[in-house]
Amino acid sequence: MFTKSYLKSTLRFLKRNKLFAGINILGLSLALAASFIILLYVINELSYNTCYKNRKQIYRVLTYNVDVKITDDGTPYILSKSIKDESPQVNCVAPTRNLAGFSIKLNDEFIPIDNTIGTESEIFKIFDILLANQEENILDEPNSIVLSRKQSQIFFPGEDPIGKDLIAQVNDKEEIFTVTGVFDEIPVNSTLQADCFINSKWALAQLNQTIKDKKAETNWRSSYWWTWLKLYENVDVALLDEQFRELEKKVYGEEDHFDLSVQNLTDVYFGSQEINSGFPMGNMKNIRIFSAIAILVIIVAAFNYIILSTAVSTGRAKEIGIRKTNGASAKSIRKQLLNESVVLAILVLPVALFLSSLGKPYAEELFQTRLLIIKANIAIYIILYVALTLFVGLASGLYTASVLSKLNVISILKNPVLHGRRKSRIRYALIVVQLVIFCSFVSSTLIIRSQYKYALNKDPGYYNKDVLFVDMGESSQSSAIFMTNIRAFSNVISAGGAIDALPMINYWPYPMELPGDKSKKIPIELLAVDFDFIETMGIQVLEGRSFSHEFGDDETAYLLNEKAVKALELTDLVGKKIDVVDGTVIGVVKDFNLHSFRSDIPPLLIVASDDFAMQVAIRYQPGTLKSLLPLVKTEWEKIAPGQPFNYKTMDEFLKEVYTEEKNLSVIITVSALFSLLIASFGLFGLTLFMVKNQIKEIGIKRVFGSSEKRIVFSFLRKNFFMVVIASVLSILPTIFVMNRWLSNFSFRTNIEWWVFALAFLVAVLVVILTVLYHSFRASRINPVEALRYE
């Protein structure tokens, strides 16, 4: 398609029309740079788990709890053995569990290994992880360990580690492990991530230290493992479901409350939003939003090219007329014009890549993920980047090439000034579309920002200011001493502990029988607190009382919220025992937002325990945080020497909870800025070309007494009407899209009229400032010079 003559022709045209070239290069560069960053994010997300060739045969087992209606990816250890024995269509199966506190000795220091997985040898048959030595039973020996290549270079630099011993600390004991294998680094776009694999017996031992019956190997209710399996090719998965039904009856009895199922590896990343899972999850909603943003920015840039191309067509009319007179066909002219737009897009490509590399670090903060160049995806990046560039070039030049190639030779040579009403209407229509996109971006940003502010400032039913949360980590057993010490500080109003900070990120569902009908169960959430947490957080008690040290049996008492009382169909329950729960109801608290505003308020049962707290809430006097922190840190170092002091204020925690909304508003704001810049550059260039074409007309108006203000107003009036039309047209699509987005929140703000009014004012201001310069210069032109102008 491209020839040397076409390239020379394009470069000559761009040299003659420097303003046209500059504006389009800048606009296309910004649009492509933004699109390249979004495309990098989308490709990386969609390529999750594509690193495994046999991914269509790999499944994980899920457990659906019928009582609380929650699906979990946790399964019992013994399940893998049962599947192996009773499911002939399963090729291999392996349970996996991450070990906490595993470290390997290097010199005299123990180095923590974050991703240590306890599993069995068949894990390497399920996931095609490249091993340095392909042994069948690589993890069968209890003290065997398989290291990643990176870890092997740390502990055995420049050596072959196979068969060598190392000392590791596991379950608070030192053990000798033998390296039986080394695997290549697992790609970052894999659900399974590991720095090393060890025998499952160590994970079982760790579990047995925490569960009461000490039988994690055989306990069907000890669902702390991820079970992975690989099916034989062309196996009907429905057969596995039938076998699961039989297995459930055998191990759980006739009154089965757990349903087992499988999920293909290809669905794990994007299909787990409704699953209580410990694995990273993708968000298809974000991919759609970001892709739509990229498309809209590209549309603005493409329309910019069309607008400016038709505006400068005056300078090309004679050239096209002469070429047609010399026998050039419409097809060859159309081909040349298309080549020009494609060549321009290709010239822009390196500039766009450079800009995208500059913007990538900032995009990583907004997307909350690292935008890595994944080796396996390099070919996809190149193909899609080049394809997008060529598409933008073709799409931008298609209309211009089609219109100009059809021009009549006689009309061209008689009147080369081709600015008829039809072309003007098309240009104005494209400008209106650009402004609609800009106004929609601005309105959406304001609505998302309003929801973010609403979430930060709305009363959740407890104190959301002047509260500090301290993460107790491994020192939870010392939380009572810690709280006693910090209560002595004068600027501490109160302190209390809980299993989690508010609003809770985790869910603790519990199936509770309905007192009036035990055949029915309702899902109710649990919140474990100490005796002072309710008062510290300012949770209002409507009936009865809160927990208190004055009553010795409060550890067998509990509180309910209003939703729980209604769900359990109870009345006058304070001071009574409910036969489905051991303990006495001592009070009813007002409903409060246990989780973020994305979730509704659930039925809640609050239990008290002074044994330990994972999070300590400290309510302090306003304005005293700066002086309080060093004191709290000093007390922390007394009870947890050597451990990191992790804390968050309530403000910081709420901002972290709603980070997604904040980042989305910033992303759309940046997109609005890009579209505004691109459209403004185009409008600036269009106004300049229009002024040049209308110099004689302006001169005649001046001769007949038209004032400078009237001429300026004539330019501004057209553009003002375009902004009005665009603002009105942007309202309905914005309301539709934003209502769908707001539907993700159980508590949400309203879409107010001022959002659209402000978007209109911003667009008017930008358009007027863009057009004003050239229109003002045109109004001051000398009428004599204007009438001489050719």
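Every chain is numbered independently, its residues counted from 1 as its sequence is written. Per-residue local features are limited, in this predicted model, to residues with pLDDT of at least 70; the limit for side-chain atom pairs, both in listing and counting, is 80 or more; totals at the level of whole chains, interfaces and linings are taken over all residues. Each side-chain value is derived from all of the structure's non-hydrogen atoms; neither hydrogens nor water enter the calculation.

**Side note on the layout of surface pockets**
Residues are said to line a cavity or pocket when one of their atoms sits within 4 Å of a point; the points come from a 1 Å grid over protein atoms alone, cavities being sets where a 1.4 Å probe fits but cannot get out and pockets being open sets with protein on both sides within 12 Å along at least five of seven lines. Grid points are joined across faces, edges and corners, and a volume is the space filled by probe spheres set on the points. Taken as a whole, the second largest pocket spans an internal volume of roughly 660 Å³. Every residue lining the second largest pocket is counted, 23 residues in all, and those nearest its centre are R288, I289, A292, V737 and M738. When residues of the lining of the second largest pocket are traced back to their parent elements, those giving at least two are α9 (284–311), α14 (421–457), α20 (659–693) and α22 (708–742). Secondary structure elements are taken from DSSP: a helix is a run of H or I of four residues or more, a strand is a run of E of two residues or more, and numbering for both begins at the N terminus. The element that contributes the greatest number of residues to the lining of the second largest pocket is α22, accounting for 7 residues. Here the nonpolar group is Ala, Val, Leu, Ile, Met, Phe, Trp, Tyr, Cys and Pro; Asp, Glu, Lys and Arg are the charged ones; every other residue, Gly included, is treated as polar. Grouping the amino acids of the lining of the second largest pocket by side-chain chemistry returns 15 nonpolar, 5 polar and 3 charged.

**Looking at empty space enclosed by the protein**
Inspection of every chain in the model, using the stated rule, returns 5 cavities of 30 Å³ or more. If you add up the space inside the largest cavity, you get close to 90 Å³. Secondary structure elements with two or more residues in the lining of the largest cavity: α14, α20 and α23 (753–779). Across the lining of the largest cavity, the residue classes tally to 9 nonpolar, 3 polar and no charged.

**Here's the deal with helix α7 (residues 237–252)**
Helix span, expected: 1.5 Å multiplied by one less than the number of residues in the helix. Taking 1.5 Å of rise per residue, 16 residues should cover 22 Å, and α7 covers 22 Å from first to last C-alpha, within 8% of that figure. By the burial criterion, the buried members of α7 are L240, F244, L247, E248 and Y252. Taken end-on, α7 shows its buried residues confined to a sector of 105°, consistent with a single buried face. Set apart from the buried face of α7 by more than 90 degrees, the exposed residues are E242, E246 and K250. For this analysis, residues touch if any pair of their heavy atoms sits within 4.5 Å. Of the surrounding elements, those touching the buried residues of α7 are β1 (58–65), α3 (78–86), β3 (90–98), β11 (226–231) and β12 (258–264). Counting of polar contacts relies on pairs of N or O atoms within 3.5 Å, with two restrictions inside protein: one atom must be capable of donating a hydrogen and the other of accepting it, and residues adjacent in sequence are counted only when both atoms are side-chain atoms. The N-cap of α7, judged by a side-chain oxygen 3.1 Å from the amide nitrogen of A238 a few residues on, is D236. Directly after α7, the chain includes G253, whose backbone phi takes a positive value near 90°. Working definition: with a 1.4 Å probe on protein chains only, accessible area under 20% of the residue-type maximum means buried, over 50% means exposed, and in between means partly exposed. Throughout, the arc means the angular range of directions from the helix axis out to the C-beta atoms.

**Considering a nonpolar patch on the surface**
Patch construction takes residues with relative accessible area above 30% that form no salt bridge. Like charges are linked within 9 Å, and nonpolar side chains (Val, Leu, Ile, Met, Phe, Trp, Tyr) are linked within 5 Å. All accessibility values rest on the Shrake-Rupley procedure with a 1.4 Å probe; residue burial counts only the protein chains present in the view. Between Lys or Arg on one side and Asp or Glu on the other, a salt bridge is scored when a side-chain nitrogen of the former is within 4 Å of a carboxyl oxygen of the latter. Judged by side-chain polarity, I346, I373, I378, I382, V386 and L390 come together as a nonpolar surface patch covering roughly 480 Å² of accessible area. Counting residues per element, the nonpolar patch draws most heavily on helix α12 (residues 378–405), at 4 residues. Relative to the helices and strands, I373 is located in the loop between α11 (330–367) and α12. Judged by its relative accessible area of 55%, I373 is exposed.

**Thoughts on unusual backbone geometry**
Between L502 and the following residue, P503, the backbone shows a cis peptide bond with an omega angle of -5°. Here P503 is to be found in the loop between β15 (492–498) and β16 (509–514). In this structure, N107 takes a positive phi of about 60° despite not being glycine. Within the secondary structure layout, N107 lies in the loop between β4 (103–106) and β5 (109–112). On the accessibility criterion, N107 (68% relative accessible area) is exposed. Even without being glycine, D466 reaches a positive phi, approximately 55°. With respect to the secondary-structure elements, D466 resides in the loop between α14 and β14 (467–471).

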